[in-house]
Amino acid sequence: EAEVAQSPRYKITEKSQAVAFWCDPISGHATLYWYRQILGQGPELLVQFQDESVVDDSQLPKDRFSAERLKGVDSTLKIQPAELGDSAMYLCASSYGLEGAEQYFGPGTRLTVT
Amino acid sequence: SQQGEEDPQALSIQEGENATMNCSYKTSINNLQWYRQNSGRGLVHLILIRSNEREKHSGRLRVTLDTSKKSSSLLITASRAADTASYFCATSLSGSRLTFGEGTQLTVNP
C-alpha cells in the first residue's frame, strides 16, 4: 500500500539553527499539506499545495518558515532560525482531490529545539 | 484555530466495551472526518461523513452527524486493546482544508 514518506523521523537542533524536513506524498496526489502538532493538541495546518502552487499559507510564520514543492511532487519545509517554541511534531499529508478529501498522513518528524 | 471540540478529553474502558466520543463544531461544514493517531505516529483516516448524511458505518465504527446541533459522535463497538489511541474529528469548511479538534485519548484495558 502506498504511503507518505517523511524524513528525518527525529531531529534535535539548537535554537537559531536552520532545520529542514522532507516529504514525498503518495504518487498521483496533487494536494500536499504540512501540519504542526503540539503535544496534546490536534494538528494545525501550516501550508497547503495544489501541485506546485501554494493554496493556503495563512498560518505559516513566514518570517522563519518556508515551504516549497518545486516540481509538484515532493516538498521541503524549512525553519530558519529555529526557536524553542518550534518543538513539535511536523506532519505531512497528501490527498487526491481538493474538496474535503480524506488525507493520508506520513509518520511525522519529531523536532526538539534546545 | 481549532473548530472542533472532542468530548471527553480522555476515556478509559475495558476490552469488549463500547467507546463513544463526541465532537462539536461551530460553523457549517462540507464534511466531517474522524482520524486515529497512535502515540508518536501519523494520523490514519477512519471515516468521512458528508453534511447531507446522518449516519455511516465502517466495520466496528459507527459515526453520526447532527448538523442542527453541529455535533458528531464516533462509536467503537467491542473495543480491543489495539484501539488504544487518540481520536480526532476534523471538519472541512471549504476546499480541502481540514480543521482538527484537540482529540480524545482512548485507553482500552485488556
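Structural notes, computed from the coordinates. (Residues numbered from 1 in each chain as written. Chains lettered and ligands numbered in written order. Predicted model: local features only at pLDDT ≥ 70, side-chain atom pairs only at ≥ 80, totals over all residues. Heavy atoms only, no water.)

Structural notes on the state of the cysteines
All names here are of chain B.
Alright, step 1. Under the criterion given, the structure shown has two disulfides over all chains.
Alright, step 2. A sulfur-sulfur separation of 2.0 Å characterises the disulfide bridge that pairs Cys-23 with Cys-89. Given an S-S torsion of about 65°, the disulfide between Cys-23 and Cys-89 has right-handed geometry. Of this pair, Cys-23 sits in strand 3 (residues 19-24) while Cys-89 sits in strand 9 (residues 85-92); the two residues are 66 residues apart in sequence, bridging distant segments of the chain. Cys-89 matches Cys-23 in its accessibility class, with the two residues each being buried. (Disulfide = S-S within 2.5 Å. Helix = DSSP H or I, 4+ residues; strand = E, 2+ residues; numbered from the N terminus. Buried < 20%, exposed > 50% of the residue type's maximum accessible area, 1.4 Å probe, protein only.)

A few points about the packing of aromatic side chains
Alright, step 1. Evaluated as defined, the whole model comprises seven aromatic pairs over all chains.
Alright, step 2. Here the aromatic rings of Tyr35(A) and Phe100(B) are separated by 5.6 Å at their centres, their planes lie at 90°, and the arrangement is edge-to-face. Highlighted residues: Tyr35(A) in strand 4 (residues 31-37) and Phe100(B) in strand 10 (residues 98-100), drawn from two different chains.
Alright, step 3. Between the aromatic rings of Phe105(A) and Phe100(B), the centroid separation amounts to 6.1 Å while the plane-to-plane angle is 80°, which identifies the pairing as edge-to-face. (Phe/Tyr/Trp six-rings, centres within 6.5 Å; stacked < 30°, edge-to-face > 60°.)

A look at the pattern of salt bridges
Residues and elements named next belong to chain B.
Alright, step 1. Scanning the model with the defined rule gives six salt bridges over all chains in all.
Alright, step 2. With its nearest N and O atoms 3.2 Å apart, the salt bridge here joins Arg-62 to Glu-55.
Alright, step 3. You can call Glu-55 partly exposed: its relative accessible area is 39%.
Alright, step 4. Between Arg-60 and Asp-83 there is a salt bridge whose closest N-O contact spans 2.9 Å. Of the two residues, Arg-60 is situated in the loop between strand 6 (55-58) and strand 7 (61-66) and Asp-83 in the loop between strand 8 (71-76) and strand 9; the sequence distance between them amounts to 23 residues. (Salt bridge = Lys/Arg side-chain N within 4 Å of Asp/Glu carboxyl O.)

Considerations on the sheet that holds strand 6 of chain B
Residues and elements named next belong to chain B.
Alright, step 1. Strand order in this open sheet of five strands is 1-3-8-7-6, and the pairing throughout is antiparallel. Two strands close off the open sheet at either side, each with one partner strand: strand 1 (5-7) and strand 6. Averaged over all pairs of adjacent strands, the angle between their axes in this sheet comes to 15°, without regard to strand direction.
Alright, step 2. Here strand 3 runs beside strand 8; their pairing, made up of six bridges, is antiparallel. Within strand 8, the residue paired with Cys-23 across the bridge is Ser-72. (Pairing = 2+ DSSP bridges. Axes fitted to C-alpha atoms, helices over the stretch in contact; angles between N-to-C directions.)

Focus: the interface of chain A and chain B
Alright, step 1. At the interface, 27 residues of chain A touch 21 residues of chain B.
Alright, step 2. In this assembly, chain A packs against chain B so that about 1800 Å² is buried in total across both faces, 44% of it on carbon and sulfur atoms.
Alright, step 3. Taken together, the connections running from chain A to chain B amount to two residue pairs in polar contact (both at pLDDT 80 or more).
Alright, step 4. It is strand 4 of chain A that provides the largest number of residues to the side of chain A that touches chain B, a total of four residues.
Alright, step 5. Considered class by class, the residues forming the side of chain A that touches chain B number ten nonpolar, twelve polar and five charged. (Contact = heavy atoms within 4.5 Å. Buried area = accessible area lost by both parts, 1.4 Å probe. Polar contact = N/O pair within 3.5 Å; in protein donor to acceptor, adjacent residues only side chain to side chain. Nonpolar A, V, L, I, M, F, W, Y, C, P; charged D, E, K, R; others polar.)

Some remarks on unusual backbone geometry
Trans peptide bonds make up most of the peptide bonds, and negative phi angles are found at most residues other than glycine.
All names here are of chain A.
Alright, step 1. Residue Pro-8 is bonded to the preceding Ser-7 through a cis peptide linkage, with omega at -10°.
Alright, step 2. Phi angles above zero are rare outside glycine, and Ser-16 is one such case at about 80°.
Alright, step 3. With respect to the helices, strands and loops of the structure, Ser-16 is situated in the loop between strand 2 (10-13) and strand 3 (19-24).
Alright, step 4. The backbone phi angle of Asp-51 is positive, close to 55°, even though this residue is not glycine.
Alright, step 5. Relative to the helices and strands, Asp-51 is located in the loop between strand 5 (44-50) and strand 6 (53-56).
Alright, step 6. Accessibility expressed as a relative area gives 36% for Asp-51, which makes it partly exposed.

Quick look at the pairing of strand 3 of chain B
All names here are of chain B.
Alright, step 1. Because side chains alternate across strand 3, one face comprises the buried residues Ala-19, Met-21 and Cys-23, and the other comprises Thr-20, Asn-22 and Ser-24, none of which is buried.
Alright, step 2. Judged from the three bridges that link them, strand 1 and strand 3 form a sheet pairing that is antiparallel. Following the sheet pairing, Glu-5 is matched in strand 3 by Ser-24.

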